[in-house]
Amino acid sequence: QVQLVESGGGLVQAGDSLRLSCTASGRTFSSGASGWFRQVPGREREFVAGISRGGSIVYESVKGRFTISRDNARNTIFLQTSSLKPEDSAVYYCAASSLSVVSTLATNYGFWGQGTQVTVSS
């Protein structure tokens, strides 16, 4: 059984940083692409960043402020966030795909974590 478990969310002030982690069991992250999405109530899940099987990285609008990385030895992916803004507030989800390349479509990811809340106050 595949499980993805996120951690690292919290309540911070604008301009602060957080590091989100996602550890997988039952599946190796490096066997396919993985990524981070976020969602606010009433809106669709939004792609944030992804890393391909080979290590290529794709960002959406957060490039320059967020960094995605993968630690194969720990079977963990990270999302280092910085210069957080109130509009970054959301539930952040990690996801794993059977595809080798990064997709920005949530439907291409078959495995999801439970989500971790990030709230940025102004």
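Anything mentioned here points back to the structure above.
Residues numbered from 1 in each chain as written. Predicted model: local features only at pLDDT ≥ 70, side-chain atom pairs only at ≥ 80, totals over all residues. Heavy atoms only, no water.

Draft legend 1. Highlighting the pairing of strand β5 (residues 46-51). With respect to burial, β5 is a largely interior element, five of its six residues being buried. For strand β4 (residues 34-39) and β5, the ladder comprises five bridges, and the chain directions are antiparallel. Directly across from W36, in β5, lies its bridge partner A49. Counting the residues in the hairpin turn of β4 and β5 gives six residues, including G42, whose phi is positive at 85°. Relative to strand β6 (residues 57-59), β5 runs antiparallel, the two sharing three bridges. Residue pairing across strands places G50 opposite V58, the latter belonging to β6. Here β5 folds back onto β6 in antiparallel fashion, the turn holding five residues, of which G55 has a positive phi close to 105°. (Buried < 20%, exposed > 50% of the residue type's maximum accessible area, 1.4 Å probe, protein only. Helix = DSSP H or I, 4+ residues; strand = E, 2+ residues; numbered from the N terminus. Pairing = 2+ DSSP bridges.)

Draft legend 2. Up close: the environment of R70. Mapped onto the fold, R70 is located in strand β7 (residues 66-71). Measuring from C-alpha to C-alpha, the distance between R70 and G50 comes to 10 Å, with 20 residues separating the pair along the chain. In this structure R70 touches F29, S30, G32, I51, S52, R53, G55, T76 and I77, once residues within four positions along its chain are discounted. In terms of polar contacts, R70 uses its side chain to reach the backbone carbonyl oxygen of S52, at 2.8 Å. From its side chain, R70 meets the backbone oxygen of R53 in a polar contact 3.1 Å long. (Contact = heavy atoms within 4.5 Å. Polar contact = N/O pair within 3.5 Å; in protein donor to acceptor, adjacent residues only side chain to side chain.)

Draft legend 3. Expanded view of the pattern of salt bridges. As enumerated under the stated definition, the model contains four salt bridges in all. Put simply, R38 and D88 hold a salt bridge, and the shortest N to O gap is 2.9 Å. Within this pair, whereas R38 is found in strand β4, its partner D88 is found in the loop between β8 (76-81) and β9 (90-96), the two being separated by 50 residues in sequence. Exposure class is identical for R38 and D88. Each is buried. (Salt bridge = Lys/Arg side-chain N within 4 Å of Asp/Glu carboxyl O.)

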